[in-house]
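Below are the chains, spelled out letter by letter.
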Amino acid sequence: TQGGRSGQGWVTFYTVKVSDDGFQWKDVRCQWRFQGNSDASTKKKNLFNYPVTARYIRIYPKNYHRRVVMRAGVLICMMPCEGGQLRYRLDKGNLLSMTDGPALDAAWGSGFFAGDDGYRFGPGK
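Report on the accompanying structure. Everything numeric in this text was worked out from a predicted model, so none of it was measured.

### Concerning the nonpolar core
Logical step 1: In this structure, Val11, Tyr14, Val16, Val18, Val28 and Phe34 together form the largest nonpolar core, which totals six residues.
Logical step 2: The element best represented in this core is strand S1 (residues 10-19), accounting for four residues.
Logical step 3: With residues near it in sequence (within four places) discarded, valine 11 still touches Gly36, Asn37, Pro61, Asn63, Tyr64, Val68, Val69 and Met70.

Written out as structure tokens, the structure reads:
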């Protein structure tokens, strides 16, 4: 996570819920309060204790400094193919940002949101 640009605020604690269908939500780590940021510019990494399979992720700010502002990224693990198919899809419409925020830290480099075409990386990434 990261706070807002220009130091307008940041989230200091948050909880996370995940869902496969967007209707039924499960707490990650029993409503564990993840420690967020202590300033607007430093990137803070929080990892779950175990892998979570989900299509949707919700981040619920619990405490904040000045106002609720958060830039967030999600780490996606590569899973083995089953019957020649991946168990998840990252095609059009499945990985979008409503705010066109920048990438945080991807192992394969920074990317960008291309509107309805989703998240994109540079050539060879």
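Picking up where we left off.
### Some thoughts on the side chain of glutamine 2
Logical step 1: For glutamine 2, the location among the structural elements is in the segment before S1.
Logical step 2: Among the polar contacts listed, one links the side chain of glutamine 2 to the backbone oxygen of serine 41, at a separation of 2.8 Å.

### Remarks on the packing of aromatic side chains
Logical step 1: Tallying each qualifying case throughout the model produces two aromatic pairs.
Logical step 2: The interplanar angle of 45 degrees and the centroid separation of 5.7 Å between the aromatic rings of phenylalanine 34 and phenylalanine 48 together place this pair among those described as tilted. Placement of phenylalanine 34 in strand S3 (residues 34-35) and of phenylalanine 48 in the loop between S3 and strand S4 (56-65) is noted, with a sequence separation of 14 residues between them.
Logical step 3: Residue phenylalanine 48 is classed as partly exposed on the basis of its relative accessible area, which comes to 31%.
Logical step 4: Ring pairing ties together the aromatic residues Tyr14, Phe34 and Phe48, which thus form one cluster.
Logical step 5: Seen from the ring of tryptophan 32, arginine 29 lies directly overhead, with NZ or CZ sitting 4.1 Å from the centre.

### With respect to the pairing of S1
Along any regular strand, the residues point their side chains to alternate faces of the sheet.
Logical step 1: Most of S1 is tucked away: eight of the 10 residues are buried.
Logical step 2: Across nine bridges, S1 lies against S4 in antiparallel orientation. From the neighbouring strand, serine 19 faces S4, where its bridge partner is tyrosine 56.
Logical step 3: As judged from the two bridges shared by S1 and S3, these two strands associate in the antiparallel manner. When the sheet's bridge partners are listed, tyrosine 14 is paired in S3 with phenylalanine 34.
Logical step 4: Alignment of S1 against strand S2 (residues 26-27), held across two bridges, turns out to be antiparallel.

Parameters at a glance
Residues numbered from 1 in each chain as written. Predicted model: local features only at pLDDT ≥ 70, side-chain atom pairs only at ≥ 80, totals over all residues. Heavy atoms only, no water. Core = buried A, V, L, I, M, F, W, Y, C linked by side-chain atoms within 4.5 Å. Buried < 20%, exposed > 50% of the residue type's maximum accessible area, 1.4 Å probe, protein only. Helix = DSSP H or I, 4+ residues; strand = E, 2+ residues; numbered from the N terminus. Contact = heavy atoms within 4.5 Å. Polar contact = N/O pair within 3.5 Å; in protein donor to acceptor, adjacent residues only side chain to side chain. Phe/Tyr/Trp six-rings, centres within 6.5 Å; stacked < 30°, edge-to-face > 60°. Lys NZ or Arg CZ within 6 Å of the ring centre and 35° of its normal. Pairing = 2+ DSSP bridges.

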